[in-house]
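# Chain and residue survey
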Amino acid sequence: MKPPKIDRRRLSARFLSKLMWQRRLVFWSGALFVGLTSVGFATLSDYGQHLFRAAEGVAWWVPLMLTPLGFVLIRWLTRTYAPASVGSGIPQAMAARDLRETDERLVLLSPRVILGKIVLTILGMASGASIGREGPTVQIGAGVMLQFGIWGGVQREKALILAGSAAGIAGAFNTPLAGIVFAIEEMSKAFEQRTNGLVLYAVIISGLVSLGLVGNYTYFGSASGRVADVWDWVMVATCGVAGGIAGGLFSRWMLEGSRAIKRWCAPIGVRRELLVALLCGLLVAAIGVASGGDTFGTGYEQARGAIEGSEPGGSYWFGKFAATLISAVSGIPGGIFAPSLSVGAGLGGWLGTIFHADQAGLVAVLGMAAYFAGVVQSPMTAFVIIMEMTDSHDNVIPLMVASMLGYGLSRMVAAEPLYRSLADGFLVDMGRKIGRREVVARDEAEEDRAEPPAARP
């Protein structure tokens, strides 16, 4: 059988096509800008945390005033100028992929929303909120790629949003593999043949920008230790179970709390929203003061310390869990990635002091993987991102086991995936999807219509 002939003229015309190269340059420029924005956003976020630490050092009571007032100001600015910048940002990117019209997608990913996301998240950092910048970077990356696609006339908006989201994760954590896995598992639940090239290009370009500006680094340092005997595997299972239950509870309580607050605020609106923000800020400040300041911010230092073998304190993970949950339901912009990883590392470190003190760093990493998988219910993303962030390539199988156990236990506690449920909430608000209650009411109405009159009570 002869191989098929190659149409050289057609191939040459396609390669030299002005339109094709125009679209490629637009796409590459967008990915480059995502990388630059990720690095700049990270720098400004760190500066915001430093400002809060400086204010905190003035007197112990300063956070009790600064944090609640900061929460109120951020909530008001969010409602007034950029309502779609609320929360993590990952649900907005997911919801935008489900929409069909460009104008609808821009409601969630417009330049105004992206600018608001950056400014308001930095203000949250400067107020001591237990939030991270990684989830917001996903929304920022998706919005940047969508905007560049609009400027360049690129029609594949769903693919651009997916590529921008993956590039945001890669740039935020310096984890290119995690960016790709995140795009497959969390954002799209599949990987289309025509999409993989866009995602890979975006991740590579964004990653190169990050490498060029901040160098090749491991986000949480390097974890020591290896799983070698039966007792070590018992510890893997323990971390998986504990992390999964705790992560599932966080996911469930965040969804239920957010919905309850939304229902309570709906009749009155802004006044109740600001009251919620004030109370949440006061609680976060009280927890932070009680913990000696450990629960403020992203929790990066505490997580890195746990991974490098220093236990952050038995109550740290519980306080950080509460502060992150309260910050998340308050309605201010900010992600849960880094705080969740810090909670998991603290939980693992605490379990390590009880069961396996000589492998404290390894147990912290296992707790991080299990808890994070429990929160987001995406086990592949969990073990890949943590493997890259902690240089734990020697413990891939234990990380997989801890992540899968965390995922399985979380599903038993929280039936609804966190990000997907939050994304559906945005679609419901935009009138592009009906919620669970509406589905039940619709099904009951259809059953009544289908039921013979004689059979009805």
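Up top you'll find the structure we're talking about.
Residues numbered from 1 in each chain as written. Predicted model: local features only at pLDDT ≥ 70, side-chain atom pairs only at ≥ 80, totals over all residues. Heavy atoms only, no water.

### Considering the overall build of the protein chain
The secondary structure content of the protein chain amounts to 20 helices and zero strands. When burial is assessed residue by residue, the protein chain has 54% of its 457 residues classed as buried. When contacts within the protein chain are restricted to residue pairs at least 6 apart in sequence, long-range pairs at least 24 apart make up 80% of them. Surface summary for the protein chain: the accessible area is close to 20,600 Å², and the carbon and sulfur share equals 63%. (Helix = DSSP H or I, 4+ residues; strand = E, 2+ residues; numbered from the N terminus. Buried < 20%, exposed > 50% of the residue type's maximum accessible area, 1.4 Å probe, protein only. Contact = heavy atoms within 4.5 Å. Areas by Shrake-Rupley, 256 points an atom, 1.4 Å probe, with all protein chains shown as cover.)

### What about helix 19 (residues 418–429)?
For helix 19, spanning 12 residues, the distance from its first C-alpha to its last is 17 Å, which sits close to the expected 16 Å at 1.5 Å a residue. Within helix 19 the residues assigned to the buried category are Leu418, Tyr419, Ser421, Leu422, Ala423, Phe426 and Leu427. (Expected span 1.5 Å × (residues − 1).)

### Quick word on the packing of aromatic side chains
Throughout the structure, instances matching the rule amount to 10 aromatic pairs. Judged by centre distance (4.7 Å) and plane angle (65°), the ring pair of Phe52 and Phe296 falls under edge-to-face. A residue pair is termed long-range when its members are at least 10 positions apart, and Phe52 in helix 2 (residues 18–56) and Phe296 in the loop between helix 12 (270–290) and helix 13 (300–307) qualify at 244 residues. There is no split in this pair, since Phe52 and Phe296 are both buried. Taken together, the ring pairs in this structure connect Phe250, Trp253, Phe321 and Tyr371 into an aromatic cluster. Of note, Arg272 hangs over the ring of Trp264, and the distance from its end group to the ring centre comes to 4.4 Å. (Phe/Tyr/Trp six-rings, centres within 6.5 Å; stacked < 30°, edge-to-face > 60°. Lys NZ or Arg CZ within 6 Å of the ring centre and 35° of its normal.)

### Comments concerning the nonpolar core
If you look at the biggest cluster of nonpolar residues, it comprises 115 residues, and the most contacted ones within it are Met254, Phe337, Ile385 and Ile386. Among the elements that take part in this core, helix 16 (residues 360–376) stands out by supplying 13 residues, more than any other. Ignoring anything within four residues of it in the chain, the contact list for Ile386 reads Leu341, Val365, Met368, Ala369, Phe372 and Leu399. (Core = buried A, V, L, I, M, F, W, Y, C linked by side-chain atoms within 4.5 Å.)

### Observations regarding the packing of helix 13 against helix 16
Contact geometry for helix 13 and helix 16: axes closest at 7 Å, N-to-C directions at 130°. Considering the angle they form, helix 13 stands oblique to helix 16. Across the interface between the two elements, Ala303, Ala306 and Ile307 of helix 13 pack against Ala360, Gly361, Ala364, Val365 and Met368 of helix 16. Here the contact of helix 13 with helix 16 is composed, by residue class, of seven nonpolar, one polar and no charged. (Axes fitted to C-alpha atoms, helices over the stretch in contact; angles between N-to-C directions. Parallel < 35°, antiparallel > 145°, perpendicular 65-115°, else oblique. Nonpolar A, V, L, I, M, F, W, Y, C, P; charged D, E, K, R; others polar.)

### Digging into the side chain of Arg105
Mapped onto the secondary structure, Arg105 falls in helix 5 (residues 102–109). At 2.7 Å, the side chain of Arg105 and the side chain of Glu157 are in polar contact. Those residues in contact with Arg105 that sit more than four places away from it in its chain are Ala96, Arg97, Leu99, Arg100, Leu146, Glu157, Lys158 and Ile161. (Polar contact = N/O pair within 3.5 Å; in protein donor to acceptor, adjacent residues only side chain to side chain.)

### Comments concerning a nonpolar patch on the surface
There is a patch of nonpolar side chains on the surface, built from Val230, Trp231, Val234, Trp350, Ile354 and Phe355 and spanning about 570 Å² of accessible area. Mapped onto the nonpolar patch, the elements with two or more residues apiece are helix 11 (230–265) and helix 15 (337–355). Relative accessible area serves as the criterion here: at 66%, Val230 is assigned to the exposed category. (Patch = residues over 30% accessible without salt bridge, like charges linked within 9 Å, V, L, I, M, F, W, Y side chains within 5 Å. Salt bridge = Lys/Arg side-chain N within 4 Å of Asp/Glu carboxyl O.)

Nothing here speaks to function; it is all geometry.
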